[in-house]
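This is what each chain is made of:
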Amino acid sequence: MRAVQVHKRRQRYALANCMAEVADLEVDGRVARTIAIESEDSAAVIAPVRGVGLDGHSNTSYPRALRHWLRGLRGMR
């Protein structure tokens, strides 16, 4: 475990009855953009995810993505 400098700027939207968030991150000087589309109804998320072209990407939690990204194993998705 190590401390890292994190800055997150997020914008929230409503998209097809789901909550959506676009976040620009800076972590230890590295920059990334993340997109989240969420709903209590998991089936409702499928259409907007496909609609914005994200259905080919994996769904990764922030802690897991940051761990891999900071180790340089792969880019954030």
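Bear in mind the structure is a predicted one, so any value in this text is a computation, not a measurement.

Draft legend 1. Representation of the pattern of salt bridges within the structure. Overall, the coordinates contain four salt bridges when judged by the stated rule. Among the ionic pairs, D24 bridges to R33, the shortest N-O distance being 2.8 Å. Look at D24 and you get partly exposed, because its relative accessible area is 23%. Classification of R33 as exposed rests on a relative accessible area of 56%.

Draft legend 2. Representation of unusual backbone geometry. Positive phi outside glycine occurs at A16, with the angle close to 50°. Relative to the assigned elements, A16 resides in the loop between β1 (6–15) and β2 (18–27). On the basis of relative accessible area, A16 is assigned to the exposed category, the value being 52%. A positive phi angle is found at D28, which is not glycine, with a value near 50°. You can see D28 is positioned in the loop between β2 and β3 (30–38). On the accessibility criterion, D28 (38% relative accessible area) is partly exposed.

Draft legend 3. Fine view of the environment of V6. With respect to the secondary-structure elements, V6 resides in strand β1. Along the backbone, V6 and V27 are 21 residues apart, and their C-alpha atoms lie at a distance of 4.6 Å. Non-local contacts of V6, meaning those with residues more than four positions away in its chain, are made with E26 and V27.

Draft legend 4. Summary view of helix α2 (residues 62–71). Turning to α2, its buried residues are A65, H68 and W69. Looking straight down α2, one finds that the buried residues subtend no more than 100° of arc, so they occupy a single side. In α2, the exposed residues that point more than 90 degrees away from the buried face are P63 and R71. Where the residues of α2 are buried, they touch β2 and β3.

Draft legend 5. Local environment of the sheet that holds β1. On the basis of which strands lie adjacent, the open sheet formed by three strands has the order β1-β2-β3 and antiparallel pairing. Two strands lie at the open edges of the sheet, namely β1 and β3, each paired on one side alone. Taken pair by pair, the neighbouring strands of this sheet meet at an average axis angle of 15°, ignoring direction. Two elements, β2 and β3, share nine bridges in a ladder whose sense is antiparallel. Residue pairing for β3: A20 is matched across the bridge by I37. Running at roughly 130° to β3, helix α1 (residues 42–51) makes contact with β1, β2 and β3 of the sheet. α2 rests against β1, β2 and β3 of the sheet, and its axis sits at about 25° to β2.

The rules behind the values
Residues numbered from 1 in each chain as written. Predicted model: local features only at pLDDT ≥ 70, side-chain atom pairs only at ≥ 80, totals over all residues. Heavy atoms only, no water. Salt bridge = Lys/Arg side-chain N within 4 Å of Asp/Glu carboxyl O. Buried < 20%, exposed > 50% of the residue type's maximum accessible area, 1.4 Å probe, protein only. Helix = DSSP H or I, 4+ residues; strand = E, 2+ residues; numbered from the N terminus. Contact = heavy atoms within 4.5 Å. Arc of directions from axis to C-beta. Pairing = 2+ DSSP bridges. Axes fitted to C-alpha atoms, helices over the stretch in contact; angles between N-to-C directions.

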